[in-house]
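# Topology and contacts: notes
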Amino acid sequence: MADFVHLHVHSAYSFRESLLRIEDLVEAAALYEMPAIALTDTNGMYGAVSFYRQAKARGVEPVIGCQLQIDLRTQGVEEPVARARSEWRRELETVVLLARGLAGYRALTRLVTCARANGPVPFIRVDELAMHATDLICLIGGGESRLLAQYAAGDEQAAQRSLQTLLGACPAGQVYIDVQDHQKMVERQGLPGLLRAARLWDVPLVATNDARYRFPEDAKLHRAYAALDRPDAEDIWPTDRFALVGADEMSRRFANLPEALQNTVAIADECKLHLPLYQVQMPRYQTKDGRPSEIVLREAARVGATSRYGDVTGEIERRLQYELDVICNMGYADYFLVVADFIRYAHQRGISTGPGRGSAAGSLVAYALRITDVDPMANQLLFERFLNPERVSLPDIDTDFEYERRGEVISYVVDKYGRDRVAQIGTFGTLAARAALRDAGRMLGADPQLVDQLSKLVPGQPGVTLSAVRAQVPSFERIIEGAEAALRLYDAAVRLEGLPHHTSIHAAGVVIAPGPLVDWVPLDPGGDGAPVTQYAMDDIEALGLVKMDFLGLRTLTLVDACIRSIRERTGEMVDWRQIPTDDPATYDMLTRAETNGVFQLESPGMRRVLKQLRPTTLDDIVAVISLNRPGPMENIPAFCDAKHGRVAVSYPHPDLKPILQDTYGVIVYQEQIMQIASLMAGFSLGQADLLRRAVSKKKRDILDEERSRFVDGCLRNGYDAATAHDVYDLIVRFADYGFNRSHAAAYAVLAYRTAYLRAHHLPEFLAALMTMAMGAPDKIRTYEQDARRHRIAVLPPSVVHSERGYAVDADGAIRTGLLAIRNVGEAAVEHILSLRRERPFSSLVDFLQRIQSRLVNRKALDSLLLAGAFDEFFPDAAAPSAKQQMFEEAWKRAEEARQFAGLTLEFGFPADDPPLRSSTSDEGTKILYIRYAGNKGGSTLRRVQAALSAFPGATPVALYDATARRTRLLGERWCVEVTPELVTLLEEVVGIGNVRVREAPKKSR
């Protein structure tokens, strides 16, 4: 066992500062026979739980820490705006904090959360450190610390102040002076000062190596990689001594400081940590009267079931009671109540939710609570596929919301349960093959053409690796083997591939905790009200935290827009409770494979299956969704032949007919495998689900063990061994291919609804589709062709008639939306519609005169003209050149009108004009303001002066030049008596509405 432990190690989760992957550093610790190893990433703990799990699995004790920056001023202030971040950074002290047990881990998560919340340069204040220091070890004076730099510069007084502040913030015996030897000048100059301080203040030493890569030969690659983000990388890591070296090497470096080496082992022993993994941390649903959640759930489920079915008796009663017992006994009542609550909120707010997703559709309780909208009884869905009492696991209810309003539901959950208990789940962007090549090219200064050439040979699909490309793309291999520069580029890219590159937010995952989340996970600030976890999904689940998926589904937005358009145009209310699921027109359309925009059914493969299958029931749609995948596709011909009577339906055994008759003797669903095992082998459905999962792993020992259990069960139930073996072979064959019927049934409902809308309300359906496809010209062309095939006119955009998106007019034609026009943005469209709501545009001049050029600029106007949006203002047969000429004439007339008479539309003075001052004006004195167009020449001013001269008096006069946007107060000789006659005379010169009397601005104090 080595007598040294690395306590200062940066993984790739320090983002661009390290090449060390978590598995590499754990592997190195095991190889060096170190009893423990620390992870101390910069300003974050992103890899902490993954590191903990991997280290424990290798028998290495994980020490969790973090390198943080501290503002040592006793009254911390926020980052000064006027100073560069690099300058601010130099004023912060850098320390390494290590967690002493579970309390220390929680202290660290809080401090890291504080640091991330404190600004773009993460830091904590010294008082924040003092609040949590009891359970932490603090290493000070390391290579990037200010303390070391102060000693190196000979600034003993500043160094003493820094040291005193840090010692004052932490308990005695928990601060160590960190000595390092990377052969940096600052270390050689500062080490004597650190050693003197250690003796003077009786602070123990600890030897560390700031590990950033695995081997010394990686140093150059590391510096080049780090320099992509930090130009000073050569200065910070100038040597090859930042490798994860063994205990022997550290002993050589610190032979004269053996106690510093011994202290690493002592610290690691003090920092042993046990994280309670996989212990469910269920959020609590707050009941109104404080009753137990189990009672509340049972009552709500019974009320809901009555609403769904009427009398709850017989099989429904038994199934409901069984599910409730399982849910409550497993401790998941709160989970169902929480989900039902935010689903109810969505419905109350008019936010559409999907009919269900995944195996949750198999729950009768979920159906009763309106979490799902698929009847599990009518669709033969199994609860055990969702929640198996014989395999304890968290329930997983994924919910689909209208895409544009998903955020409202998340905000509701944040408000209800507390911002400290709800967070979106973080994720990491990693360097994929192409990105790794491009980064490696930048690092090495490689020929851009070579980088581009290799990058273009990498296929675009996710998950492609450079090694696979080299093996499978001959031209890629030839380039690499043909040039040394290409080989160097490839080797560097392989080293970078897969490294975490940046943080991001999971598309759907939200975590809700029973207490403050920082008890389990450090948090980053979030952009829309909810913070973001620093741990990814797998680590969140390992901590026992309950995650829920809030998915935004654009199809729900499509359906809502279509239904809204139908209601506005025809007054018809589409109520899915009243829509039959056996509508002939819908199935005829599906048989013709006219499925543009139909959920799940518009791909070429789906269309082929629809033509072969000719669906007539909702079950057929469920089958189409399930069969059209690699593997099950081979059964499509047999399924179709049996459905249409071309071949006789056969079953592995007559007893299986009730299970397989709806799929014509073909095993299609995972639930069928479970039902077969239950019927023939006497398994409970829970045991049958375990069998399904075990067999799908395809491990020989598991297959043999499960075969024995299955055959024994069949024999006990009176089946012969040959039949039992044949059926088991069938189960093994289909275990991989079987699809989750619950998921398929839920998605089939949404597929049917979109198909129904397309079959009966095609103009509205296509208009909604086109609106969603704006910005995708290929899709727009496809949908326009679809419309014309069905004799639906697609009209050009119009500033007189168009809305934001595509809309259906009274005659059933689809009018192109203004937002579909290139170079015409949201602000321009909203401005145009706002003006049109005030009053219709009477002419092109009227339109051009009323718009504000800052919102609708000339580029947007040219695009509107080119798209035909002004055609109502032109003669029908006008050629494009004639339209352009008429537009220019209208533009000129509108400009003239806006410069003079049209100024009455927006009378006022810019807010940034200098305040008027006049020795003739006391506070409260009136001023006569006259607005005029300064570019009209001197004649306007001469006429204004003549009018003012005719009405001498005591009221000061101010002139506002609308062209120059400047206000000028005239002298005393121009003061006037304001009379109706004077105002009339002036308005004849500058236009009606451009003469106003207002209070004079108050004098400056």
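The name an unreviewed UniProt entry assigns to the protein chain is DNA-directed DNA polymerase, from the organism Alicyclobacillus hesperidum. According to the UniProt record, the Catalytic activity (unreviewed entry) comment for the protein chain reads "DNA(n) + a 2'-deoxyribonucleoside 5'-triphosphate = DNA(n+1) + diphosphate".

On to the overall build of the protein chain, then. Counting its secondary structure elements, the protein chain contains 42 helices and 21 strands. Oriented by its inertia axes, the alpha-carbon framework of the protein chain measures out at about 115 × 95 × 75 Å. Each of the 1005 residues in the protein chain was classed as buried or not, and the buried ones make up 54%. A total of about 44300 Å² of accessible surface is found on the protein chain, and carbon and sulfur atoms cover 49% of it. Of the charged side chains in the protein chain, 119 are positive and 131 negative; the average position of the first set lies 4 Å away from that of the second.

This paragraph deals with the domain arrangement of the protein chain. In terms of domains, the protein chain is made up of domain 1 (22-270), domain 2 (293-417), domain 3 (424-546), domain 4 (793-900) and domain 5 (926-999). If you look at the interface, domain 1 gives 21 residues, while domain 3 gives 25 residues. For the pairing of domain 1 and domain 3, the buried interface totals around 2000 Å² over both sides, and the portion due to carbon and sulfur atoms is 59%. Of all residues in domain 1, the largest losses of buried area upon contact with domain 3 belong to Tyr46, Tyr225 and Leu228, amounting jointly to 33% of the total for that side. At the surface where domain 1 touches domain 3, the tally comes to 4 salt bridges.

Looking now at the UniProt feature "domain: Polymerase/histidinol phosphatase N-terminal" (unreviewed entry) in the protein chain. Mapped onto the present numbering, the UniProt feature "domain: Polymerase/histidinol phosphatase N-terminal" (unreviewed entry) falls at residues 5-72. Taken end to end, residues 5-72 is 29% helix and 22% strand, and its first and last C-alpha atoms sit 29 Å apart.

In this section: the packing of helix 15 (residues 333-348) against helix 17 (residues 406-417). Orientation of helix 15 relative to helix 17, taken along the N-to-C sense of each, is 130°, at an axis distance of 10 Å. Accordingly, the angle class assigned to the pair helix 15 and helix 17 is oblique. As for how helix 15 packs across helix 17, the hand of that crossing is right-handed. Contacts between helix 15 and helix 17 pair Val338, Asp341, Phe342, Tyr345 and Ala346 from the former with Glu408, Val409, Tyr412, Val413, Lys416 and Tyr417 from the latter. When the residues that make up the contact of helix 15 with helix 17 are grouped by side-chain class, the tally is 8 nonpolar, no polar and 3 charged.

Because each turn of an α-helix spans 3.6 residues, side chains separated by three or four positions in sequence point in the same direction. Here helix 13 (residues 293-309) spans 24 Å end to end across 17 residues, near enough to the 24 Å set by a 1.5 Å rise per residue. Those residues of helix 13 lying buried are Ser293, Val296, Leu297, Ala301, Gly304, Ala305 and Arg308. Buried residues along helix 13 cover an arc of 160° about the axis, so they all sit on one side. Contacts from the buried residues of helix 13 go to helix 14 (314-329), helix 15 and helix 16 (364-368). Gly310 occupies a position one or two residues after helix 13 and carries a positive phi of about 85°.

As a further point, take the nonpolar core. Formed by 125 residues in total, the largest nonpolar core has its most connected members in Tyr105 and Phe476. Shared between two domains, this core holds at least three residues of each, these being domain 1 (22-270) and domain 3 (424-546). Dropping the residues within four chain positions of it, Phe476 is found in contact with Leu437, Leu454, Leu457, Val458, Leu466, Val469, Arg470 and Tyr490. The next biggest cluster of nonpolar side chains, apart from the first, holds 53 residues, and it includes Tyr335, Ile343, Tyr367 and Val414.

Right, let's get into the sheet that holds strand 20 (residues 966-969). With respect to topology, 4 strands assemble into an open sheet ordered 20-19-17-21, the strand pairing being mixed. One side of each edge strand has no neighbouring strand; the edge strands of this open sheet are strand 20 and strand 21 (995-999). Sheet twist, expressed as the mean angle between neighbouring strand axes with direction ignored, is 25°.

With that settled, consider helix 2 (residues 48-57). Among all positions in helix 2, only Ala48, Val49, Ser50, Phe51, Tyr52 and Ala55 are buried. Gly59 lies just past helix 2 and shows a positive phi near 75°.

So, on to the sheet that holds strand 15 (residues 807-808). Judged by pairing direction, the sheet is mixed, and its 3 strands sit side by side in the order 14-16-15 without closing on themselves. The sheet terminates laterally at strand 14 (794-795) and strand 15, the two strands that pair on one side only. Relative to strand 16 (residues 814-815), strand 14 runs parallel, the two being bridged by 2 bridges. Of the residues in strand 16, the one forming a bridge with Leu795 is Arg815.

Residues other than glycine seldom take positive phi values, yet Arg16 does so here, at roughly 70°. Along the polypeptide, Arg16 turns up in the segment before helix 1 (22-31). With a phi angle near 60°, Asn43 is a residue other than glycine that sits in the positive phi range. Structurally, Asn43 is set in the loop between strand 1 (36-39) and helix 2. Classification of Asn43 as buried rests on a relative accessible area of 6%.

One can describe the packing of helix 31 (residues 685-696) onto helix 33 (residues 721-735) by two numbers: an axis separation of 8 Å at closest approach and a directional angle of 65°. The orientation of helix 31 with respect to helix 33, classified from their angle, is roughly perpendicular. The crossing of helix 31 and helix 33 is right-handed. When helix 31 is examined against helix 33, the residues Leu691, Arg692, Val695 and Ser696 are found in contact with a partner set consisting of Tyr728, Ile731, Val732 and Ala735. Among the residues forming the contact of helix 31 with helix 33, the class breakdown is 6 nonpolar, 1 polar and 1 charged.

You can see Asp127 is positioned in helix 5 (residues 126-132). Put simply, Asp127 and Ser843 are 716 residues apart on the chain and 68 Å apart in space, counted from C-alpha to C-alpha.

Another point: the pattern of salt bridges. By the definition in use, this model includes 64 salt bridges. Here Glu317 makes a salt bridge to Arg302, at a shortest N to O gap of 3.0 Å. Taken together, the residues span a long stretch of sequence, with Glu317 in helix 14 and Arg302 in helix 13 at a distance of 15 residues. As a salt-bridge pair, Arg839 and Asp846 come within 3.5 Å of each other at their nearest N and O atoms. Taking the relative accessible area as the measure of exposure, Arg839 reaches 43% and is therefore partly exposed.

Turning next to the state of the cysteines. On inspection of all chains with the given rule, the structure shows 0 disulfides. Cys114 takes part in no disulfide bond, and the closest cysteine sulfur, belonging to Cys66, lies 12 Å away. On the basis of relative accessibility, which here comes to 26%, the residue Cys114 falls in the partly exposed class.

Rules used in this analysis
Residues numbered from 1 in each chain as written. Predicted model: local features only at pLDDT ≥ 70, side-chain atom pairs only at ≥ 80, totals over all residues. Heavy atoms only, no water. UniProt positions renumbered as here; feature names shortened; annotations may be inferred. Helix = DSSP H or I, 4+ residues; strand = E, 2+ residues; numbered from the N terminus. Buried < 20%, exposed > 50% of the residue type's maximum accessible area, 1.4 Å probe, protein only. Areas by Shrake-Rupley, 256 points an atom, 1.4 Å probe, with all protein chains shown as cover. Lys, Arg positive; Asp, Glu negative; His and termini not counted. Charge placed at Lys NZ, Arg CZ, Asp CG, Glu CD. Domains from an automatic or database assignment. Contact = heavy atoms within 4.5 Å. Buried area = accessible area lost by both parts, 1.4 Å probe. Salt bridge = Lys/Arg side-chain N within 4 Å of Asp/Glu carboxyl O. Axes fitted to C-alpha atoms, helices over the stretch in contact; angles between N-to-C directions. Parallel < 35°, antiparallel > 145°, perpendicular 65-115°, else oblique. Left-handed = near helix turned anticlockwise from the far one by under 90°. Nonpolar A, V, L, I, M, F, W, Y, C, P; charged D, E, K, R; others polar. Expected span 1.5 Å × (residues − 1). Arc of directions from axis to C-beta. Core = buried A, V, L, I, M, F, W, Y, C linked by side-chain atoms within 4.5 Å. Pairing = 2+ DSSP bridges. Disulfide = S-S within 2.5 Å.

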